[in-house]
There are 2 protein chains.
Amino acid sequence: MQNLSLTLKKSGYKLTTPRNILLKVLKKINKPMTLNEIHSECSTIDFASVYRSIKLFNEIGLVEEVNFADKKIRYELSNNSHHHHLLCSKCGEIKELPVCILSEIEKLTNYTITKHTFEFMGICPNCKK
Amino acid sequence: MQNLSLTLKKSGYKLTTPRNILLKVLKKINKPMTLNEIHSECSTIDFASVYRSIKLFNEIGLVEEVNFADKKIRYELSNNSHHHHLLCSKCGEIKELPVCILSEIEKLTNYTITKHTFEFMGICPNCKK
DNA sequence: CTGGTTGCAAACTCTTTGCAATCCT
DNA sequence: AGGATTGCAAAGAGTTTGCAACCAG
């Protein structure tokens, strides 16, 4: 929390009450969430403010976008470990996947990769029972 | 072309002039295209018809969705080889990437993967010069 | 104080649908 | 002929912005 608000201030932005609440929500849930999901966790804040704050957080690297094949953009707090996700299309649970083959792709193709989507939807072991 | 219209008819749908034109466009370009890009290649067809036809093509498996991190949904003709893409954010060229680690992910996680996004954006070797 | 930020409302853009006319088979 | 399909227009949904009031530093 401390470091989150610090990042914000260091980037030259104010730590306002709405932003503080947003950071708490993101920290509490700690899974990729859509703007609507975030907003429903703190509906006292106007949607436009949620929108602008999350957009700002994304710009200064506090949160990251996650793009599943369902086309809903989700956001989660950046943590230091690069990872991707598995979304169960039955129960909706999102699990982290500590695998990425970015550097292999770069070597293979000679591209400099700036963005990538590497997310999976499926049925989790539990829902298969 | 022949097999494309056959798939359509076999699925119980009519091969109309607009659909025929669409199939030609998809075949000619043969890269993932947004609905707008497709429509601009055949602007005599109403956008709503492009939308509905591509949606239908997708449902019967004639085309597949491609989701890059730029959040624009693109479509391309399904071909028998499963592949993913590299989009150069400078020149816009899209290249195929014949790599996928789907089965590895399934083994690793015990999920049954139903959808996945596995697309890359970056700078291509040519644009780096 | 003072410029950044918020909430409200409205504008935009993109996606989707209803319906009468038209087209395949 | 008759149901599927099209084009037009408009409805929906989600995203983005202008602006006056407000607040953190």
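Please read these numbers as outputs of a predicted model, since none were measured by experiment.

Remarks on the domain arrangement of chain A
Interface size is commonly expressed as the accessible area that is lost once the parts come together.
Residues and elements named next belong to chain A.
Okay, so step 1: Here the domain parsing of chain A yields domain 1 (2–77) and domain 2 (84–128).
Okay, so step 2: Across the contact, nine residues belong to domain 1 and nine residues belong to domain 2.
Okay, so step 3: Around 780 Å² of area is buried between domain 1 and domain 2 when both sides are counted, 67% of it from carbon and sulfur atoms.
Okay, so step 4: Put simply, domain 1 and domain 2 have zero salt bridges between them.
Okay, so step 5: For the interface between domain 1 and domain 2, the tally reads two residue pairs in polar contact (both at pLDDT 80 or more).
Okay, so step 6: Across the side of domain 1 that touches domain 2, the residue classes break down as four nonpolar, one polar and four charged.

Quick word on the relation of the copies chain B and chain A
Okay, so step 1: For the pair chain B and chain A, the best superposition has an RMSD of 0.1 Å and corresponds to a rotation of 180° with a translation of 0.0 Å parallel to the axis. Interpreted geometrically, this transformation is the action of a two-fold axis. Among all C-alpha atoms of chain B, that of B:F118 lies closest to the rotation axis, at 2.2 Å.
Okay, so step 2: Interface residue correspondence from chain B to chain A reaches 100%, placing this contact among same-surface, isologous pairings.

Comments concerning the protein's contact with DNA strand C
Okay, so step 1: Lining the immediate environment of DNA strand C, one finds 20 residues, of which A:K14, A:R19, A:S49, B:T17 and B:Y51 sit closest.
Okay, so step 2: Sugar plus phosphate: this is where 66% of the atoms of DNA strand C within 4 Å of the protein reside.
Okay, so step 3: Separating a phosphate oxygen of DNA strand C from a side-chain N or O atom of A:R19 is a distance of 2.5 Å.
Okay, so step 4: Contact between DNA strand C and B:R52: a base oxygen at 3.4 Å from a side-chain N or O atom of the residue.
Okay, so step 5: Going through the elements one at a time, α2 (17–29) and α4 (47–59) of chain A together with α4 (47–59) of chain B are the ones with two or more residues in the surface near DNA strand C.
Okay, so step 6: The element that contributes the greatest number of residues to the surface near DNA strand C is α4(B), accounting for five residues.
Okay, so step 7: Split by residue class, the surface near DNA strand C holds eight nonpolar, four polar and eight charged.

A word on the environment of A:G122
Okay, so step 1: As for its position among the elements, A:G122 is in strand β5 (residues 112–123).
Okay, so step 2: The exposure class assigned to A:G122 is buried, which follows from its relative accessible area of 0%.
Okay, so step 3: Residues A:G122 and A:K90 lie 32 residues apart in sequence; the distance between their C-alpha atoms is 8.0 Å.
Okay, so step 4: In this structure, A:G122 is in contact with A:L87, A:C88, A:S89, B:Y111, B:T112, B:I113 and B:T114, ignoring residues within four places of it in sequence.

Description of the sheet that holds strand β5 (residues 112–123) of chain B
Okay, so step 1: Pairing is mixed across the open sheet formed by six strands, whose spatial order is β4(A)-β3(A)-β5(A)-β5(B)-β3(B)-β4(B). Across the chains shown, the open sheet's two edge strands, defined by having one partner strand only, are β4 (94–97) of chain A together with β4 (94–97) of chain B. Across the sheet, the mean angle separating the axes of adjacent strands is 25° when strand polarity is ignored.
Okay, so step 2: Judged from the four bridges that link them, strand β3 (residues 84–88) of chain B and β5(B) form a sheet pairing that is parallel. Each bridged residue has a counterpart across the sheet, and for B:H85 the counterpart in β5(B) is B:E119.
Okay, so step 3: The strands that helix α5 (residues 102–109) of chain A touches are β5 of chain A together with β3, β4 and β5 of chain B; relative to β5(A), the one it contacts most, it runs at about 130°.
Okay, so step 4: Running over the sheet, helix α5 (residues 102–109) of chain B touches β3 (84–88), β4 and β5 of chain A together with β5 of chain B and is turned about 130° from β5(B).

Regarding the packing of helix α2 (residues 17–29) of chain B against α4(B)
The axes of two packed helices give the description: the angle between them and the distance between them.
All names here are of chain B.
Okay, so step 1: Where α2 contacts α4, the axes come no closer than 11 Å and their chain directions differ by 70°. Here α4 runs roughly perpendicular to α2, going by the angle between their axes. Between α2 and α4 lies a crossing of right-handed hand. Residue-level contacts link R19, L22, L23 and L26 of α2 to V50, S53, I54, L56 and F57 of α4.
Okay, so step 2: In the contact of α2 with α4, the residues fall into seven nonpolar, one polar and one charged.

Looking at the interface of chain B and chain A
Okay, so step 1: Each partner contributes residues to the interface: chain B has 34 residues there, and chain A has 34 residues.
Okay, so step 2: Surface buried jointly by chain B and chain A totals about 3,200 Å² across both partners, of which 65% is contributed by carbon and sulfur atoms.
Okay, so step 3: Joining chain B to chain A, the criterion identifies two salt bridges.
Okay, so step 4: Taking the shortest distance from any N to any O, the salt bridge between A:K71 and B:E65 comes out at 3.2 Å.
Okay, so step 5: Broken down by secondary-structure element, the contributors of at least two residues to the side of chain B that touches chain A are β1 (63–67), β3, β4, α5, β5 and α6 (125–128) of chain B.
Okay, so step 6: At 12 residues, β5(B) tops the list of elements feeding residues into the side of chain B that touches chain A.
Okay, so step 7: Grouping the constituent residues of the side of chain B that touches chain A by class yields 19 nonpolar, nine polar and six charged.
Okay, so step 8: With 11 bridges connecting them, β5(A) and β5(B) associate as antiparallel partners.

Basis of the calculations
- Residues numbered from 1 in each chain as written.
- Chains lettered and ligands numbered in written order.
- Predicted model: local features only at pLDDT ≥ 70, side-chain atom pairs only at ≥ 80, totals over all residues.
- Heavy atoms only, no water.
- Domains from an automatic or database assignment.
- Contact = heavy atoms within 4.5 Å.
- Buried area = accessible area lost by both parts, 1.4 Å probe.
- Salt bridge = Lys/Arg side-chain N within 4 Å of Asp/Glu carboxyl O.
- Polar contact = N/O pair within 3.5 Å; in protein donor to acceptor, adjacent residues only side chain to side chain.
- Nonpolar A, V, L, I, M, F, W, Y, C, P; charged D, E, K, R; others polar.
- Least-squares fit on C-alpha atoms with pLDDT ≥ 70 in both.
- Near = heavy atom within 4 Å.
- Helix = DSSP H or I, 4+ residues; strand = E, 2+ residues; numbered from the N terminus.
- Buried < 20%, exposed > 50% of the residue type's maximum accessible area, 1.4 Å probe, protein only.
- Pairing = 2+ DSSP bridges.
- Axes fitted to C-alpha atoms, helices over the stretch in contact; angles between N-to-C directions.
- Parallel < 35°, antiparallel > 145°, perpendicular 65-115°, else oblique.
- Left-handed = near helix turned anticlockwise from the far one by under 90°.

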